[in-house]
Amino acid sequence: MLRAVVVAGLFVVAGQDALKILEARCAGCHNAKTQQGGLDLTTREAALRGGGRGAAVVPGDLAGSLLYQLAAHKREPAMPLGGARLSEAELGVVAAWIGKGAPFTAPVTVAPHWAFQPVRRPAVPGGGHPVDAFLEAERKRNGLVAVGEADRYTLLRRVYLDLTGVPPGPVAVRAFVADTAPGAYERVVDSLLASPRYGERWGRHWMDVWRYSDWYGSGAEIRNSQPHIWKWRDWIIESLNGNKGYDRMVREMLAADEMAPGDEGALRATGFLVRNWFLFNRNVWLQDTIEGTTAGLLGLTLKCARCHDHKYDPLAQEDYYRFRAYFEPHDVRLDRVAGEVDTKKAGLARVYDAAPRGDVQNAAGTFINPAVFGETYLFVRGDERAPDKARPLTPATPPALGLAAGVPRVVELPVSAYYPDMRATAQADLVAAARARIVSIEGDVAAARERMEAARTAPKWERPAGALVTFEGAVKPLLEARCGGCHLARNLKSGFNVASAKSVIAGGKKHGAAVVAGKSSESVLVRILRGELSPRMPLNGPLLTAAEMGLVAAWIDQMPPPEPAVVIAEAEARLAVGERELPAARAGLAALEARVLAENARVGKAADAEALGVTARAAERRAGALLAEENVFRAQQRLAEALRAEKLDEGKVTAARRALEQAVGALDGPKEGYTPLGPQYPATSTGRRTALAEWMTARENPLTARVAVNHIWLRHFGAALVPSVIDFGRNGKRPTHPLLLDWLAAEFMESGWDMKKLHRLLVTSAAYKMQSGGGGDNRWYGRMNARRLEAEAIRDSVLAVAGTLDGTMGGPELNEESQADVPRRSLYFRLTPDSQLTFLKVFDGADPTACFARTESIVPQQALALTNSKLTLEHARIVADRLAGSRDFVGDAFFRVLSRPVTAAERALSDSYLGAGTDRRALLIHALFNRNEFVTLR
Amino acid sequence: MRRRTLLANLGMGVTGMALSAQGVPGGLHHTAKAKHVIWIFLEGGLSHLESFDPKPELNKWAGKTIAETPHRGVLDAPFTKQNVVEFTASERKLMTTVLPLQVGFQKRGQSGLEISDWWPHVAGVADELAVVRSVWTTDNDHAAQLQFHTGRHIFQGYYPSVGSWVHYGLGSLNENLPSFVVLGPPSPPHLGGAGTYGGNYLGPQHSGVHLASDPARPLTYASPEMAMGAEEQKRQFEFIGALNALDDVSDESVRARIKSYELAFRMQAAVPEVFRHESESEVTRKLYGLEQENTRAFGQDLLSARRLVEQGVRFVQVFHGYRTDGNGWDAHTELKKNHTRLCGEVDGPIAGLIRDLKQRGLLDETLIVIGTEFGRTPGVEGAREGRDHHPFGFSVVMAGGGLKRGVAHGETDALGFHAVVDRHYVTDIHATVLWQLGLDSRKLNVAGQQRLDQDYGAPIRAIIA
């Protein structure tokens, strides 16, 4: 709005020149180069010729001049598109100009868009801290005086929360206040930047910008992102703590598989791309990849050019698809990691360039991965059903950005990259797993023997003494009353239903069968009620009394165990399978070892490769035959079982028959050769993403550094220099301090994209240390911006203040429901569009689909979360207990929770609240968690 | 620029706040006919054929392929390929063997509106209904649930839901309750989830608040998760208020924080009250089917919806279908079994709601919408008398709120395949709702957010009284 007013003012000054109006309001899109709608308004000839809808200007004819009709909003679409309407005065100038025959005294020039020009380092306007010099110049221009420095308590809490995400403890506060020597603040800053907490705090920020999401889908079906992507999160944290350059981080995220193919640590970075994986549609997958890359890293709304030329920026639709071409060959895969052969349990989700292929289905015929196309085509009007096949597109960066990316060079990959199971660790793991399986079968067989023996010698079962406890009579009313809130038909948490004995015995999704007949102490139901299994139930109500526990246990202990004959028959069946399973597993191990030797020889081009291959084939055939026999036997058993069943299930019988036929068919074994150790991928990569990554992090790239610096500034100062953080284009906001932005961007790049150096520079400025508070516009930084803390920082602060925060770093994501009480930092919990810690959701926690700047709402649910959650109530109690011996409880409470001394007014209120009688000390701590200041970064 | 601060309102109508929920600047766009909306959504896809758009031709051609009937043209109709955006990589098959109607139907009431025999109670209020028989959408999988509420295919991402636009446009009439409430089992995340009642770029304060029809636990954090007496809590809220009042109250965010505690405290008391139905008369309880096992849960939700509306709540979105399983109305097999069971759950309570609102004089100011993500195929799917998803033409039923009564509008073709007469994309339903509330969807815009024609929709004038 403001911009339009300023611009309109310009015309008056410029002497009501129609050409100036065209230049400022129209030619950005309608120039010789961009030609939106085919229209160029920079020369008379072009304006008369007009665009796709005919002449824009007909000299002397207002009604016939489309330019005037659209600008006056007499016809659709109203122009300027998305911008402020021309004032009546301006329209008058344009009308008069057309009336005079539309003379072009000089061609209209288009000012180049600031953000698309390379970064030039401006001179610092004055001495002192450069950030302050730039800010002060603007303050002066706007007649503003900066406020003074914040007190040391506020400052310390600010910089702690800002750099580490948790407030300073009492010891740190006292030490800082006492340290009056010069450089005390800088020393704190250095220690915080060196703390591993820094990587966690800023890691979460970058996870916002880079759209981190754990995998999600429908039930167990993975539809978006990938399992084990937490490794990317850990890579972010480690990279930040190790102060890896931002440029290198970007390069690794886009192309580590090409630039460092043997470096498993670096490969984690490609989680940035893996995150966009989408089961059902390759085009949607690539669409998200392009958006994540251009919005987050370049501040460019290239996504708008998917269906048509960009409406505001000089980005053609073709630019969109040529950018897509960088990603066209890439695909996602799961590699084994050391120590685990099952990629479901552990693995590395990473990208690589695949050969073009169709949709992939698994053995069961389920669709598991979309096609990788061989060519990139422009989709006419963005419709994937209308590819322009006449023109395959090669990769290129948008010409409007000046600097062009280099031509991709094909990358030769090492064996470990294209055939990952050739790695020595993977081979050792495969062999170890085959050995472990043999041990496991032996264990099962021995256990079956023991069960059989025990059943043969078991005395006749008798119901334990004591009154008979029935489900309907005693247990059901109890469970319904205490667990019914969550575990009856209306809710059914975890699928567990307490309505019937059968459903209680069957248990829930999480733990399975909840009752072991005759053995209450081994039953999940009892163990979870006793707190032996987490989370203890009832989750939020009082625990069961001893008498109530006794009833539940008695009901279970009175249940008769299965009949000995049944146990014996089951054990015999298990033994019979084991007799076939063991030889098959042993032969499988031998075959595996032979295959390893043969493959190592083949890939290493050893002389005995062929001979070893023959051996491997023989070993595999032998193992295959034994395995087939085992499967035949199992299938026969299943078929017999299905036929024996009281109610014949035709589906089961058919399935068992089919399995038997397959097993018999497999007895012949493979026709030739032997099975490789694992999947093999192309031995080269196109180099496209490397070319893109190098372009993106080149000194002459106009956007990357500006966008990164802007994100960092936003998070330190609570406002961005370019408020539209993902749109640096013409429709975005202009920087409030363009020179400062460019100076910071230049400084950043020239320092080797050193983030810690930049943080240090910003937080040691006088601007950062100013007081905050008060309302009104603060665009010229007359004071510091106070802001609401992010959800994660609020939760982490509660834990930190109570001293319960578990500093363990990294590892698989924690379950946001079952592990909600685990006192680890919030960024380690699962986050997807479907799942997030409830406490975080209430405080505008990260939205993994788009979170380039956090929302800061203030809603009543936040008050309820802070007053009613177990988190704050429990931790208030813990803090109160820690302060039990305090001689000045009120003073110590404020000091611990808010990192500052209590004020006189607060002390008076608190003393009267604590009063006499009721012990309100925990409640006072709890109230301090609800103090506005606790959730505010002041 | 100041960073965005969303002040305490969450539909809570914080009066006197800079960004309060007072509705669109400058007031309504035109005189409102209705004040509230009860938006019922049947998850899984209600068969339009066996409910509000019966097609006798299906009985006539039962067992034949569509190509063998005189209506073979429907397969080549331009709508078949033009609109649908496939959810999965492969194209969804069109079911082409005609399945006869699984239920009879009759002309009902004075209006003679045709309604199937699975809706006996709703048939009894046929003269109150306005049925739109020509709705279409583009997603042929269940994420059409998201599309039905936002107007966008899930591939295009998330946009403000219809309820959030209402909230954005109207603000609140009650300070103690959220003004946009969601009841019942919501759409699961991969089908739209909270996006079906999300505020998206309008801000989280315009999102619906999901409440459970359970006075003990209607909302997360609605009561202390560890024992604390009511008197003690009141005392603590006062203490918190006094502490926060020591801060610089010239800062709007400080004022908003203080206000949010006042609202939270009142909300804690008011929200559970909505779900205490003991005070309702025997007759009312019966009307909503609270006495019967199969209608109780949904009946409770609709009764709660009425109680919310009585207290000034603007938009109540009630989901039905996924309470007992993840299939809801998705009758791929044995449609008869599925729909008789589910119709049995909703028919009585919906009719009860309409009668109850009418007798209380609330029906004129309350617009009821009964929607679903798509209809079901005229052709049979598989061997077990089911119907597949059908985005090409289906029905949405409305009542009250100043609409015509006892009318059907729009038509599908003779087989109920394509909407052919007066076709309406789902956002026309949104525009109609907004229009009755005094809002012009075309005028609902937010700086920096480009809306498309398909987002605005157009009010269905033909059913407006």
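Residues numbered from 1 in each chain as written. Chains lettered and ligands numbered in written order. Predicted model: local features only at pLDDT ≥ 70, side-chain atom pairs only at ≥ 80, totals over all residues.

Any details on the overall build of chain A? Residues and values, ideally.
When you go through chain A residue by residue, the secondary structure sums to 37 helices and ten strands. Seen through its principal axes, chain A has C-alpha atoms that stretch 110 × 85 × 55 Å. Out of the 938 residues in chain A, the part that is buried amounts to 43%. When contacts within chain A are restricted to residue pairs at least 6 apart in sequence, long-range pairs at least 24 apart make up 65% of them. (Helix = DSSP H or I, 4+ residues; strand = E, 2+ residues; numbered from the N terminus. Buried ≥ 20, exposed ≤ 12 C-beta atoms within 10 Å, placed from the backbone. Contact = placed C-beta atoms within 7 Å.)

Which residues make up the overall build of chain B, and what values go with them?
What chain B contains, in helices and strands, is twelve helices and 15 strands. Expected size for 465 residues packed as a compact globule is a radius of gyration near 23 Å; at 23 Å, chain B falls within 12% of this value. Principal-axis analysis of the C-alpha atoms gives chain B an extent of 80 × 55 × 40 Å. Within chain B, buried positions represent 57% of all 465 residues. (Rg over C-alpha atoms; globule rule 2.2 N^0.38 Å.)

Could you give an account of the nonpolar core, with specific residues and numbers?
With 284 residues, the main nonpolar core has A:Val897, A:Leu928, B:Ile40, B:Val316 and B:Val369 as its most contacted residues. With residues near it in sequence (within four places) discarded, B:Val316 still touches B:Ile38, B:Trp39, B:Val181, B:Leu183, B:Ala305, B:Leu308 and B:Val309. Grouped together as the second largest cluster of nonpolar side chains are 25 residues, A:Leu67, A:Met79, A:Val93 and A:Ile98 included. (Core = buried A, V, L, I, M, F, W, Y, C linked by C-beta atoms within 7 Å.)

Quick rundown of the domain arrangement of chain B? Include the residues and the values.
Residue and element names in this part refer to chain B. By the assigned domains, chain B splits into domain 1 (36–213 + 282–463) and domain 2 (216–274). Computed over C-alpha atoms only, the centres of domain 1 and domain 2 are separated by 37 Å. Listed as interface residues are eight residues of domain 1 and, on the opposing side, nine residues of domain 2. (Domains from an automatic or database assignment.)

Tell me what's going on with the packing of helix 33 (residues 860–868) of chain A against helix 7 (residues 252–274) of chain B, and back it up with residues and numbers.
As a packed pair, helix 33 of chain A and helix 7 of chain B sit with axes 8 Å apart at the nearest point and diverge in direction by 75°. Considering the angle they form, helix 33 of chain A stands roughly perpendicular to helix 7 of chain B. Together, A:Pro860, A:Gln862, A:Ala863 and A:Leu864 of helix 33 of chain A and B:Ser260, B:Tyr261, B:Leu263, B:Ala264, B:Met267 and B:Gln268 of helix 7 of chain B make up the contact between the two elements. (Axes fitted to C-alpha atoms, helices over the stretch in contact; angles between N-to-C directions. Parallel < 35°, antiparallel > 145°, perpendicular 65-115°, else oblique.)

So what about the environment of A:Ile556? Which residues, and what values?
Residue and element names in this part refer to chain A. Position of Ile556 among the secondary structure elements: in helix 22 (residues 546–557). Under the C-beta neighbour-count criterion, Ile556 is labelled buried, with 24 such atoms within 10 Å. The spatial distance from the C-alpha of Ile556 to the C-alpha of Ala517 is 5.8 Å, given a sequence separation of 39 residues.

I'd like a description of the interface of chain A and chain B, backed by residues and values.
Each partner contributes residues to the interface: chain A has 55 residues there, and chain B has 54 residues. When residues of the side of chain A that touches chain B are traced back to their parent elements, those giving at least two are strand 1 (216–218), helix 33, helix 34 (870–882), helix 36 (904–914) and helix 37 (921–929) of chain A.

Hey, could you go over helix 23 (residues 564–603) of chain A for me, with residue numbers and the actual values?
Residue and element names in this part refer to chain A. Spanning 40 residues, helix 23 covers 56 Å between terminal C-alpha atoms, matching the ideal 58 Å at 1.5 Å per step. The largest bend in helix 23 comes to about 25°, at Gly578. Along helix 23, the residues that are buried comprise Ala571, Glu581, Ala584, Ala585, Gly588, Ala591, Leu592, Ala594, Arg595, Val596, Ala598 and Glu599. Looking at the packing, one finds that the buried side of helix 23 touches helix 18 (424–457) and helix 24 (609–644). Trailing helix 23 by a residue or two, Lys605 shows a phi angle of about 55°, which is positive. (Expected span 1.5 Å × (residues − 1). Bend = angle between axes of the 7 residues up to and from the residue.)

Lay out the confidence of the model for chain B in plain terms, naming residues and giving numbers.
Residues and elements named next belong to chain B. Looking at chain B as a whole, its pLDDT mean stands at 90, while 94% of the residues score no less than 70. Here residues 1–21 scores under 50 on pLDDT; set against residues more than four positions off or in separate chains, the count is 77 contacts. For this predicted complex, the interface confidence comes out at an ipTM of 0.82, alongside a pTM of 0.84. (pLDDT = per-residue confidence, 0-100.)

Talk me through the pairing of strand 10 (residues 386–390) of chain B; I want residue IDs and the actual numbers.
Residue and element names in this part refer to chain B. Taking burial as the measure, the five residues of strand 10 include five buried ones, the bulk of the element. Pairing of strand 9 (residues 375–381) with strand 10 involves four bridges; the strand directions are antiparallel. When the sheet's bridge partners are listed, Glu381 is paired in strand 10 with Gly386. Remark: four residues form the turn of the hairpin made by strand 9 and strand 10, two consecutive strands paired antiparallel; Gly382 in that turn has positive phi of roughly 65°. (Pairing = 2+ DSSP bridges.)

Describe helix 28 (residues 738–750) of chain A, listing the residues and the values that go with them.
Residues and elements named next belong to chain A. The end-to-end C-alpha distance of helix 28, which contains 13 residues, comes to 18 Å, matching closely the 18 Å that a straight helix rising 1.5 Å per residue would cover. Of the surrounding elements, those touching the buried residues of helix 28 are helix 6 (130–141), helix 27 (704–717) and helix 29 (755–763). Phi turns positive, to about 80°, at Gly752, one or two residues after helix 28.

Go over unusual backbone geometry, please, and point to the residues and values.
Residues and elements named next belong to chain A. The peptide bond linking Glu76 to Pro77 adopts the cis configuration, its omega dihedral lying at -10°. By secondary structure assignment, the location of Pro77 is in the loop between helix 4 (66–71) and helix 5 (88–99). Residue Ser534 is joined to Pro535 through a cis peptide bond whose omega torsion reads -5°. Mapped onto the elements, Pro535 comes out in the loop between helix 21 (524–530) and helix 22. Despite not being glycine, Arg211 has its phi angle at roughly 60°, a positive value. Positioned with a positive phi, Ser494 is a non-glycine residue whose angle comes to about 60°. Structurally, Ser494 is set in the loop between helix 19 (471–483) and helix 20 (501–506). Note on Ser494: 15 C-beta atoms within 10 Å, which makes it partly exposed.

Provide a residue-level description of the environment of A:Asp557, including the pertinent values.
Residues and elements named next belong to chain A. With respect to the element layout, Asp557 can be found in helix 22. Given 18 C-beta atoms within a 10 Å radius, Asp557 is considered partly exposed. Sequence separation between Asp557 and Gly518 is 39 residues; the distance between their C-alpha atoms is 3.9 Å. Those residues in contact with Asp557 that lie beyond four places of it in its chain are Pro464, Gly518 and Ser520.

Explain the confidence of the model for chain A residue by residue, including any values.
Looking at chain A as a whole, the pLDDT averages 91, with 97% of positions reaching at least 70. Throughout residues 1–16 of chain A the model reports pLDDT below 50, and contacts reaching past four residues in sequence, or to other chains, amount to 13 contacts.

Tell me about the pairing of strand 11 (residues 394–400) of chain B, and please be specific about residues and values.
Residues and elements named next belong to chain B. In terms of residue burial, strand 11 counts as a mostly covered element, since seven of its seven residues are buried. Note that strand 4 (residues 129–136) and strand 11 share five bridges and pair antiparallel. Bridged to Val132 within strand 11 is Val396. Pairing between strand 8 (residues 366–372) and strand 11: four bridges, direction antiparallel. Paired with Ile368 across the strands is Ala399, a residue of strand 11.

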